[in-house]
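Here's the letter readout for the chains.
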Amino acid sequence: MGFFESIILGLVQGLTEFLPVSSSGHLQIAKALLGVEIPDNLTFDVTLHVATVLSTICILHKEVFSLVKGVCKFQYNAETQYALKILLSMIPVGIVGFVFDDELNQMLASPAILVIVGAMLLFTAALLTFATYAKPRPKETISYGNAFIIGLSQAVASLPGLSRSGTTIATGLLLGNKKESVAQFSFLMVIIPILGKAFLDIISGDMAGSISGPDGIGVGSLIAGFVAAFVSGAFACRFMIEIVKRSKLVWFAVYCAVVGSISIISYFI
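Computed from a prediction, not measured in an experiment: that's the story for all the values here.

K.L.:
Residues and numbers for the environment of leucine 195, please.
P.N.:
The residue leucine 195 is located in helix H11 (residues 191-204) in this model. Distance from leucine 195 to valine 50, taken between C-alpha atoms, is 6.1 Å for residues 145 residues apart in sequence. Excluding residues within four positions of it along the chain, leucine 195 makes contact with Val50, Val53, Leu54 and Ile57.

The structure is reproduced here in structure tokens:
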């Protein structure tokens with residue numbers, strides 16, 4: 001994989017990360033269109049996700065700083081409660097990451113990856129549509145129980161093509177939470193799992209092997225993809241969060257349905 005392909009994939013990751021359309025699904029579709037084969041898909045994908053997570057921290061630095069500042073007071077205040085809810089939401093995806101890491105990597109390398117992505121995009125479309133028209137009584141704050149359920153949905157969204165933000169936001173809305181609250185929670189809850197996965201890859205040597213091995217990605221290409229994902233992610237985060245908050249999810253559902261159908265059809269023709 002060269003610089004050009006890495007940059008394109010980074011741009012795709014960054015621009016789609018904050019929309020409920022599955023950045024991981026678009027990443028696999030882009031790889032297929034570019035004819036790119038990566039020995040360790042999961043390491044490369046996690047690297048791009050780290051870039052967009054860091055862009056999230058940069059754009060939402062006030063919210064992150066306020067949260068950290070409140071926690072550091074060592075009081076059971078609103079910030080501490082919010083942080084505990086985020087930690088609670090991380091448990092399911094942490095378990096999935098430890099138990100099914102190899103299976104997820106094998107799935108990403110599957111010859112039928114476009115079918116898997118297409119099917120999950122169609123499922124995302126159905127979930128977003130259902131969440132759009134469901135009318136539960138709105139809640140002011142996300143409860144601990146809701147945080148864990150949203151965390152479960154994030155774990156399920158480890159499947160390529162199933163939008164993480166779409167799944168978590170839709171789940172939060174179906175539980176009766178306000179779109180503004182659940183959108184911010186969705187973007188913040190992924191920070192530690194992604195950074196944690198990258199840290200584990202580094203200390204275990206998996207990332208080094210993926211870069212420097214005989215069939216490695218190449219440090220130059222990895223850096224190029226990282227920078228592209230960070231820059232495009234920062235741009236997308238600044239503008240797309242408001243779009244997600246104000247737009248009707250049904251339009252994203254239509255988009256996912258169209259792309260998912262095309263992805264499945266393209267595999268058979």
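K.L.:
I'd like to hear about the confidence of the model for the protein, residue by residue, with values.
P.N.:
Residues of the protein with pLDDT of at least 70 account for 90%, and the chain-wide mean is 84. By mean pLDDT, the top-scoring element of the protein is helix H8 (residues 144-156) (95), and the lowest-scoring one is helix H12 (residues 206-212) (53).

K.L.:
Pulling in residues and values, what's your account of helix H2 (residues 23-34)?
P.N.:
Under the 1.5 Å per step criterion, the end-to-end length of H2 is 16 Å for 12 residues, consistent within 8% with the ideal 16 Å. Across the 12 residues that make up H2, a large majority, nine, are buried. Within H2 the residues assigned to the buried category are Ser23, Ser24, Gly25, His26, Leu27, Gln28, Ile29, Ala30 and Lys31. Residue glycine 35 follows H2 closely and has a positive phi angle near 70°.

K.L.:
Could you give an account of unusual backbone geometry, naming the residues involved and the relevant values?
P.N.:
A positive phi is found at serine 22, a non-glycine position, where the angle reads about 70°. Of note, serine 22 is situated in the loop between helix H1 (3-16) and H2. By relative accessible area, which is 3% here, serine 22 ends up buried. At phenylalanine 74, a position not held by glycine, the phi torsion is positive, near 55°.

K.L.:
Please provide a residue-by-residue account of helix H10 (residues 179-188), values included.
P.N.:
Within H10, seven of the 10 residues are buried, which leaves it mostly tucked inside the rest of the structure. Burial in H10 covers these residues: Lys179, Val182, Ala183, Phe185, Ser186, Phe187 and Leu188.

Cut-offs used in this document
Residues numbered from 1 in each chain as written. Predicted model: local features only at pLDDT ≥ 70, side-chain atom pairs only at ≥ 80, totals over all residues. Heavy atoms only, no water. Helix = DSSP H or I, 4+ residues; strand = E, 2+ residues; numbered from the N terminus. Contact = heavy atoms within 4.5 Å. pLDDT = per-residue confidence, 0-100. Expected span 1.5 Å × (residues − 1). Buried < 20%, exposed > 50% of the residue type's maximum accessible area, 1.4 Å probe, protein only.

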